[in-house]
Every structure is written in C-alpha cells, then in structure tokens.
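Next come the chains, spelled out residue by residue.
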Amino acid sequence: MSALAARRAAEAARLSRSAAPSKSATPAPSVYATPAPAPAPQSPSASSPSPSLASPEPAPASSYRRPPAALAKRQKSSPATRYFAGAEPEAGPSKRQRQFSPSAPADADGTSDGDEGGDEDEDEDHEDGPGRTATPYAPWIASPAEPEVPRLDLATVSATSTFAPLPGVNLHILDASELERAGIAVPGAVISLDASDTLVLAGIFIVRPLLGSVRVFSSTLSPGSSNNVFAPTSHPLPVFRAQPTPASDELLEQLRLPKTFMLDERSVFLLSEHQTGLERLRGNIVPGFSNIWVDDRTTWGMKGVHPVIGSFPIPVYPHVEPPSWAAALASLADPAAADDDAYGAYDAPDRAPAVLVKGPKRSGKSSLGRAAVNALLETHARVAWLECDLGQGEFGPGGSVGLWILDRAVLGPPFTHPRLPERAVYLGELSPQSCPDAYLSALRTLHDHYMYAIETSGGGGGVPLVVNTQGWVKGLGDDLLRAIEGFVCPTHVFQFPLHDTSGADDEPAAGGGGWSTSPVYPTLDLPPSPSPAHVLMLEPAPASPLLARYTPADLRVLGMLSYFHARFAPSPAPAAPAPAAVSWDWSAPLLAAPCWEVELGTSGALRRVYLIGEGGAGIAEPDLALALNGHVVALVRVSAEGDGSGDDSGVYTRGREPDDADALGLALVRAVRATPAGLRLQLVSPLPARVLARVNAVVRNGAVEMPSCGMADWREGGARGPADSDDVPFFDERDVDVVGGERRRVRRNLQRKGM
C-alpha cells in the first residue's frame, strides 16, 4: 500500500469514528460571539423581520461558485484565535491558540501613511456584527450592560416604490391652465399617496403637502409649506410615506382633483420642478460624481424628477428610518412621549431644547441632526446649529467650526445646502488632533454667543440648539466629546453605540478574556450642573455596500466645489438668518470665474495676514506673496484693536487670529501682484458684496487646499488637470527632492486610551 493510500484509509477511519454521536458530554456554549458571515443578500425571516419599504422578495442566489480546490482548502483550514481571545469555558485549550506575549503588538492599527489621524475617516471602528463591541485589547463579545442595538441591513430592503401611478386615480399632471389658475410658475403634478404605499424619488424638486402630512427623511412635512428636496443618487434617496390628517392647504380648493384623491387614509401633495443649477454638475467637474443626477428627461411633465418605480439605471439605496429614531424625534416635541423605563425620567428644563448627537463615523449623526432640526422647526421659528466637525461640515466646507441659524427644513445631503454662518472660527485643520485647545476655545466662544445673543431672541420658546459632533470617539477624541458635552449642558443626548469599549461600568470583559477599559473616575461639577440630559441610545443608520463608493475625502471635494460655485441670496433684514445658496453656476471653472481685487497693506481693505498650521511660522515676510498665491484662505473680520490699523508692524502676523475674529467665508487667491502700497490680491469667493465689505484680514493654513479638479478646466478643449500641467496654473509634475518633501508617516497606535 502506498503512503497516499495509507493516509486516505486513516482519514476514512477517523471520519467514521467522529460520525458516531458522543454521549459523554455536550460542548459548553461559547461566550464569544462568532464572526459575522461575509455580506450577502438575505431574505427576511418570520422570526426576525427586517424593516423594508415593501415586503421584499428573497434575493436570488448568487451564480458564483467557489472552485472545488479552494472550497476544500477553506473547509480544512480553521481561523487562528488571536492571543487575547482567551480560552472558551469547558472546551479546553486549542492547539492553535497563541498565548499572551509582551512583544506582540497591542494595537491592530499599527502604522500607516497619511495626514493627521484624528479625522473622522481615519480612526477605523471595528465591527463584527450587530450588537458586538471590540477593542484592540479584548475579543469580540456582546456587552452585558449595554442593550444590543442591531444595525439594519439595506440588502434586505427594496429601493423600489410600491406606489403604482394611475392617471386620474392617484396621479394628476397639471396642465398650463391649472398652473396659471393656481399661480404656479413651473410644471408640477399632484400625487395622492395611500398610507400603505411608498414613493421613492431621485432628483431636485419641491414638495408642498395639500392634504395630510408626508413623512420623508425622518421629517414630517405639513400643509402650508413648500420644501426644497435634493435627492442625488450618491446618497440615500427619500422615501415618501403618507400620514393622513385633516389639515389641508388653501391651494387644494383651486385645483380640480378627482374625487378618488380625497379618500380616507391618503395624503395629497404637490410635486414641482425645481431648477437650481446644481443639476448641471456633470461630466468631469468633480470626478466620481458625474452621474449623481440621472438626466434631463421629462417624467410626469417635470425635468429632473425621477420616480424609482421598477428598474432604475443607477444602483440606489433608500433612506430607512430606524424605529428608535422616530421615538427620539418625538421626544423633542413631547418629553412625555419618551420611554422613561428605558431611558430614565426626564424633566424638561425652563429653557430651549439643546440636542447633542454623538457617535462613531458612518453611524448617521448628520442625518439624525438634520431630522432633529426639522422636528424642532415644527414648534419653533428658528433653530441654531453648532458644527463641531472640522472634517465634514454640514453647512460649509471643512476647516472651521461655526454657528448657523436655520428657519427652513433641511432635506438633502450637505453639499446641497451651503449657508453663510451666523458666526464661525477658522482653524484650517481637518481634525482637532493638532489643535485641541484652540478647538475647544472656539467652540466655547460660539456657544457663549448662542447663549447671550441667540437663545433668548426667539420669543417665549427661545431658539433650540442642535450640536453635531465629530466621529472621533477614541482617546483624545473622547476627551473632547466629554468637554463639549460639559459646557453645552444638553437637554437631549442622541447617542449611537460606540464600538470601542469592551464592557460597561468599567468591569472586565465577560468570560475573563481580554483587558478592561481604563476606569472613569467620578468628578464633582462646580457649580452644580442643571437638569440631567435625556440620553437615548439609538440604532445606527442602515448599512449598505453602496456607502463604500465615496470616501469622506471625496465628499469633502464635492462640498468644497459646491461651495465655491454657489450663489447666495442677500439677507432681507439684518436680524434675519444668514442666507442659503439659491443657485449654482457651473458655466465656467474657477480659473475663468470673475474675481475681486483687493489691496493688502496697512492702508488697504485687508490689513492683516495670519499664517497658521504646519510651516506657517517659518515663512519670511518677503515670501508672503508665494505663500498666498494659489491657496485657499479664510476671510475674517477682526476687531479694530487687532486689525493692525495705526501701527507699523506690517501686515504679516505669525500665529492664530485673535479670539474675537469672525470667519465669514473662504476665498481662492488666484493671483498676487506687488504694488507700492503692498500686495494686490485677486480673490474668487462666493460671498456677496455686502459680506466682503466686512472683511479686513485673511487666514491661511496649508491643511485646507483647493482640490486638483477645482483648478482644472472642464470646458471643451480645456486643460483637465495635472496631465496638462503646462496649461494649468499652480500644477507641477516635476519631482522636487527637498528635505521634508517625502510623505509623512504617522503612528496611530499612540495615545490610545487605556494603554
């Protein structure tokens, strides 16, 4: 018998012995969570139903089959257990299990290349199934103290509408005479939506409820208001659901609608075309976002409005509202609507609501924050928004923290609604890791401005506040979040589960395997803190494989170019909220856009230049023109004491701007020319003229720059980017060998909490 035949006979004998049932003992259940399977379409089961737009059909089985050799190899091999996983109870040690080693790495992150590590897209959160948490020091376990919060899987949710349009029954396209009689200047259609139907729409349009309310983007739209909705295919699409109520709009009487529209359990709303210029964001203007608007074809008599009914030419995914979100938003209008048994009793303080949203990246903080603003606008005329995320601002480009005043519902992703701030502080960084003290100082200044100038200006109910925090929840990021929550003193805290703790109440992990987190020592608040916040633990936003199409850096590029091509409307009154962008102009790239010329000098309109960030202190004043040319700068307003008027110290100041400096917006320095009085700058900025008249200083930090596609010429025959660097200003493909010119290496396993 050959050696191969002998091994086969021994293997067959071993399998026959293992096939017999064992009566000695049953294996003890493991306390460790098994790894989650690879993402695959799953059909909903009766025992664990998943929310969906309609009852989704089971996904078809994949046609992919693993090769037999690879499948056999996968079945034979078993994954090795990490050294910190610990032994399973009553199961005996595994032969492949590694014991603890002091020389083994304590952090799975290791080292990596890139920019500063505090940004939201840098600090990866480990995730291995719903309700499980992990740290670099502990195995994947289910936390015994925190309630398991599952994350919905959009693979089991259909993105197709269940609404079946039937002209004369639930769809009425307005003709020219009806539009003229109703005073509507753009094409539109009236839709009667049943309470059991859903309607998914893509594009840019206006929604005006006529009878009953409509639920969309976790917000309720009521009759009497017109709402601009932006639904690009790069983000979750809005799902319209009917909320029948007796309320109606006066426009309903002017429209001759069929009687079937007025049946019970229906909501009627007007859908109108809305051309803003943003729909012209196509081609190579922003790489990767050329198809976020489907096309200009006409549907239901309107351009740019596309119902997702049946098949759709672009992969899309819907916005699904987890059940806990609806309960949390309801608690803003009625504190008694919250579940006191789950979240503790809550006494509404004698002040306007202050909502703080916190959680890891990609958990849905921005979406929930916008829904909180819309919910508060139902009972308040204005709502304040405090932006704490340097990397991805909601109403402006990154690099600054600010305070915005809102008076209309926000229905769309951040790049569709840039606004001018009430007050802002420019830090020029995408993460507070390099400037934590300046970051907290700026946020305290903004919060003080809200308390003393905004909160009590909204009448009897005051002006509520919504605080959008960053997604950095580890180490120093956690300390910054605690500091923000300390001086904001929120009445409501909407918290998503943090996937960086191995247990609760500072107890070791269950089963004894792994390390515990660092203890949190109690502190005494002086003076005593106000009423405790109403803390609600919420489900994360549903996950979708389509989320991986765009990184946070891609979204920052999109937001930057949307800001520079926006056109802001003038404010109707000095006390009115800062204006929002009403249109976008993509007719010419920034290198061909009209610019402003301004003098920089002790006698000019700009009297100070502040260079901050890495390398800012090493620039000599004769090189100031080179340091500014081609860079993005912040336009700020400083007080008379700090603008340099009346002194001979020059215009160049090393270090940060004064604490009372107000950042009004950004500008691109397209050219710098020397004059006898100083420098003449050519600035490209979307700010209106009345805002530019207030600027008297600029701030430059190299961490915030114009993307390369912003310098390119996308017109026919224009220079597209670095490939045509001879024709594009500020581009150079030549390798420059200088000290410090190589890519920096940043260690991300330092300053970890608990080490």
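Residues numbered from 1 in each chain as written. Predicted model: local features only at pLDDT ≥ 70, side-chain atom pairs only at ≥ 80, totals over all residues. Heavy atoms only, no water.

**Concerning the overall build of the chain**
Scanning the chain for helices and strands turns up 12 helices and 30 strands. In the chain, 76% of the contacts between residues at least 6 apart in sequence involve partners at least 24 apart. Here the chain displays about 36,700 Å² of accessible surface, and carbon together with sulfur accounts for 53% of that area. (Helix = DSSP H or I, 4+ residues; strand = E, 2+ residues; numbered from the N terminus. Contact = heavy atoms within 4.5 Å. Areas by Shrake-Rupley, 256 points an atom, 1.4 Å probe, with all protein chains shown as cover.)

**Observations regarding the packing of aromatic side chains**
With the rule as written, the count across this model stands at nine aromatic pairs. Through successive ring pairs, a cluster of aromatic residues spans Phe205, Phe240 and Phe269. (Phe/Tyr/Trp six-rings, centres within 6.5 Å; stacked < 30°, edge-to-face > 60°.)

**As for empty space enclosed by the protein**
Counting across every chain of the model gives five cavities of 30 Å³ or more. Each pocket or cavity is described by its volume, and for the largest cavity that value is around 160 Å³. Residue lining of the largest cavity: 16 residues in total, with Pro397, Ser400, Pro421, Gly665 and Leu666 positioned closest to the centre. Elements represented by at least two residues in the lining of the largest cavity include exactly β16 (400-406), β17 (423-426) and β27 (662-675). Looking at which element gives the most residues to the lining of the largest cavity, the answer is β27, with four residues. (1 Å grid on protein atoms, 1.4 Å probe; cavity = no way out; pocket = protein on both sides within 12 Å on 5 of 7 lines; lining within 4 Å. Points joined across faces, edges and corners; volume = space filled by probe spheres on them.)

**What about the nonpolar core?**
By size, the foremost hydrophobic cluster in this structure holds 69 residues, and its most contacted members are Phe564, Leu635, Leu681 and Met706. The element that contributes the greatest number of residues to this core is β27, accounting for seven residues. Within the second largest apolar cluster, 33 residues are counted, among which are Leu193, Val308, Ile314 and Leu411. (Core = buried A, V, L, I, M, F, W, Y, C linked by side-chain atoms within 4.5 Å. Buried < 20%, exposed > 50% of the residue type's maximum accessible area, 1.4 Å probe, protein only.)

**What about the side chain of Ser685?**
Secondary-structure assignment places Ser685 in the loop between β28 (678-684) and α11 (689-692). For Ser685, the side chain forms a polar contact with the main-chain nitrogen of Leu687, separated by 3.3 Å. (Polar contact = N/O pair within 3.5 Å; in protein donor to acceptor, adjacent residues only side chain to side chain.)

**Some thoughts on the environment of Ser234**
When you line up the elements, Ser234 lands in the loop between β8 (227-231) and β9 (239-248). By relative accessible area, which is 6% here, Ser234 ends up buried. If we skip the residues at most four places from it in the chain, Ser234 touches Phe289, Ile292, Tyr317, Arg549 and Tyr550. Only 2.8 Å separates the side chain of Ser234 from the side chain of His235, close enough to count as a polar contact.

**Considerations on the packing of helix α7 (residues 436-454) against helix α8 (residues 476-488)**
Packing of α7 against α8 brings their axes to within 11 Å, and their N-to-C directions diverge by 20 degrees. As summarised for this structure, α7 and α8 are arranged roughly parallel, according to the angle between their axes. In the crossing of α7 with α8, the sense of the turn from one axis to the other is right-handed. When α7 is examined against α8, the residues Pro436, Tyr439, Leu440, Leu443, Arg444 and His447 are found in contact with a partner set consisting of Leu476, Leu480, Ala483, Ile484, Phe487 and Val488. Looking at the contact of α7 with α8, its residues break down into 10 nonpolar, one polar and one charged. (Axes fitted to C-alpha atoms, helices over the stretch in contact; angles between N-to-C directions. Parallel < 35°, antiparallel > 145°, perpendicular 65-115°, else oblique. Left-handed = near helix turned anticlockwise from the far one by under 90°. Nonpolar A, V, L, I, M, F, W, Y, C, P; charged D, E, K, R; others polar.)

**Regarding α8**
With 13 residues, α8 extends 18 Å between its outermost C-alpha atoms, agreeing within 8% with the 18 Å of an ideal straight helix rising 1.5 Å per residue. Burial in α8 covers these residues: Gly477, Asp478, Leu480, Leu481, Ile484, Phe487 and Val488. Check the buried side of α8 and you find it contacts β14 (354-358), α7 and β18 (465-468). With its phi angle positive at about 50 degrees, Cys489 sits one or two positions after the end of α8. (Expected span 1.5 Å × (residues − 1).)

**A closer look at the sheet that holds strand β19 (residues 492-495)**
Ordered in space as β17-β16-β15-β18-β14-β19-β20, the seven strands form an open sheet in which the pairing is mixed. The strands lining the two open edges of the sheet, one partner per strand, are β17 and β20 (534-537). Each strand of the sheet is rotated relative to its neighbour by a mean of 15 degrees, with strand direction disregarded. Pairing of strand β15 (residues 383-387) with β18, which is carried by four bridges, proceeds in the parallel orientation. Bridging across to β18, Trp385 finds its partner in Val466. Contacting β14, β15, β16, β18 and β19, helix α6 (residues 365-376) crosses the sheet at an angle of about 175 degrees to β18. (Pairing = 2+ DSSP bridges.)

**Thoughts on unusual backbone geometry**
Of all residues except glycine, most have a negative phi; of all peptide bonds, most are trans. For Ser218, which is not a glycine, the phi torsion comes out positive at approximately 60 degrees. The topology assignment puts Ser218 in the loop between β6 (198-216) and β7 (219-221). Here Ser218 falls in the buried class, since its relative accessible area comes to 4%. For Cys489, which is not glycine, the phi dihedral falls at a positive 50 degrees. Relative to the helices and strands, Cys489 resides in the loop between α8 and β19.

**Thoughts on the sheet that holds strand β23 (residues 596-600)**
By definition, the strands of a sheet pair up through backbone hydrogen bonds, in either a parallel or an antiparallel sense. Pairing in this open sheet of seven strands is mixed, and the strands run β23-β28-β27-β25-β29-β24-β26 from one edge to the other. At either margin of the open sheet sits one strand with a lone partner, and together these are β23 and β26 (652-654). The average undirected angle you get between the axes of adjacent strands in this sheet is 40 degrees. The pairing of strand β25 (residues 632-637) with β27 spans six bridges and is antiparallel. Bridge pairing in β27 places Val636 opposite Ala663. This element, helix α9 (residues 552-564), spans β25, β27 and β28 of the sheet and lies at about 75 degrees to β27.

**Focus on the side chain of Glu387**
When you line up the elements, Glu387 lands in strand β15. Of the polar contacts made by the side chain of Glu387, one reaches the backbone nitrogen of Glu394; its length is 3.1 Å. The residues touching Glu387, leaving out its near neighbours within four places in the chain, are Gln392, Gly393, Glu394, Val401, Gly402, Trp404, Leu443 and Asn468.

**Some points on the pattern of salt bridges**
Applying the stated criterion to the full structure yields nine salt bridges. Among the ionic pairs, Arg280 bridges to Glu279, the shortest N-O distance being 3.9 Å. What makes Arg280 exposed here is its relative accessible area of 54%. Between Arg370 and Glu394 there is a salt bridge; the shortest N-O distance is 2.9 Å. Of this pair, Arg370 sits in helix α6 while Glu394 sits in the loop between β15 and β16, placing them 24 residues apart in sequence. By relative accessible area, which is 2% here, Glu394 ends up buried. (Salt bridge = Lys/Arg side-chain N within 4 Å of Asp/Glu carboxyl O.)

**Comments concerning the environment of Val466**
Checked against the element boundaries, Val466 lands in strand β18. Along the sequence, Val466 and Pro353 sit 113 residues apart, while their C-alpha atoms lie 8.4 Å from each other. Apart from the residues lying within four places of it in its own chain, the contact partners of Val466 are Val355, Gly369, Ala372, Val373, Leu376, Val383, Ala384, Trp385 and Leu386.

**Looking at α7**
The end-to-end C-alpha separation of α7 is 26 Å, in line with the 27 Å expected for 19 residues at 1.5 Å each. The set of residues buried in α7 consists of Tyr439, Leu440, Ala442, Leu443, Leu446, His447, His449, Tyr450 and Ile454. The inward-facing, buried residues of α7 contact β15, β16, β17, β18 and α8.

**A closer look at the confidence of the model for the chain**
Of all residues in the chain, 65% attain a pLDDT of 70 or more, and the chain-wide mean is 74. The secondary-structure element of the chain with the lowest mean pLDDT is strand β3 (residues 138-142), recorded at 30, while β18 shows the highest, at 96. Confidence over residues 19-147 falls short of pLDDT 50; this stretch has 184 contacts with residues more than four positions distant or in other chains. (pLDDT = per-residue confidence, 0-100.)

**Brief notes about the environment of Leu600**
Mapped onto the elements of the fold, Leu600 is located in strand β23. Separated by 79 residues in the primary sequence, Leu600 and Leu679 place their C-alpha atoms 5.1 Å from one another. Beyond its immediate sequence surroundings of up to four residues, Leu600 is in contact with Leu606, Arg607, Arg608, Val609, Leu628, Val651, Ala677, Gly678, Leu679 and Leu681.

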